[in-house]
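# Descriptive structure summary
Spelled out, the chains give:
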Amino acid sequence: MNPVFFMAILFSLFISSLVCQRIGRTKANKWLRILAAFIVNSLILSAATAFLYKWDVQTFHKQTDGLFGSLGILVLGFFIPINTLVNIHIMEYFRNKTQNIRD
């Protein structure tokens, strides 16, 4: 996978985790945090896809072998639900960790 894609995916995961943590402090329900994570991931990765496509079309349309390499620039859109799923698990882990400390 291209390092630019990897950095965009990690940046999206980091920002959406921060947003979910901020929303979690307001005692919002779980579905609102999931929706916020999905929207943030969608916005960041869609913007990165558009930017990278305009930046250099030929670089990101090469057909390569590998699990995600053959998707080309579509790999960023493919990672929107994956990042959201990772955010859900991160939220539940920290929520359970803080509840065990309180008990």
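Report on the accompanying structure. Worth saying up front: this structure is predicted, and the values here are computed from it rather than measured. (Residues numbered from 1 in each chain as written. Predicted model: local features only at pLDDT ≥ 70, side-chain atom pairs only at ≥ 80, totals over all residues. Heavy atoms only, no water.)

## Some thoughts on the overall build of the protein
Scanning the protein from N- to C-terminus turns up three helices and zero strands. Secondary structure of the protein in N-to-C order comes out as α-α-α. Pairs at least 24 apart in sequence give 72% of the contacts found in the protein among residues at least 6 apart. As displayed, the protein has an accessible area near 7,100 Å², and 68% of this comes from carbon and sulfur atoms. (Helix = DSSP H or I, 4+ residues; strand = E, 2+ residues; numbered from the N terminus. Contact = heavy atoms within 4.5 Å. Areas by Shrake-Rupley, 256 points an atom, 1.4 Å probe, with all protein chains shown as cover.)

## What about the layout of surface pockets?
Approximately 500 Å³ is the volume attributed to the largest pocket. As for the largest pocket, its lining consists of 17 residues, and the residues nearest its centre are Gly24, Arg33, Met91, Phe94 and Arg95. When residues of the lining of the largest pocket are assigned to their parent elements, the largest contribution, eight residues, is made by helix 3 (residues 75-102). The class makeup of the residues in the lining of the largest pocket is six nonpolar, six polar and five charged. (1 Å grid on protein atoms, 1.4 Å probe; cavity = no way out; pocket = protein on both sides within 12 Å on 5 of 7 lines; lining within 4 Å. Points joined across faces, edges and corners; volume = space filled by probe spheres on them. Nonpolar A, V, L, I, M, F, W, Y, C, P; charged D, E, K, R; others polar.)

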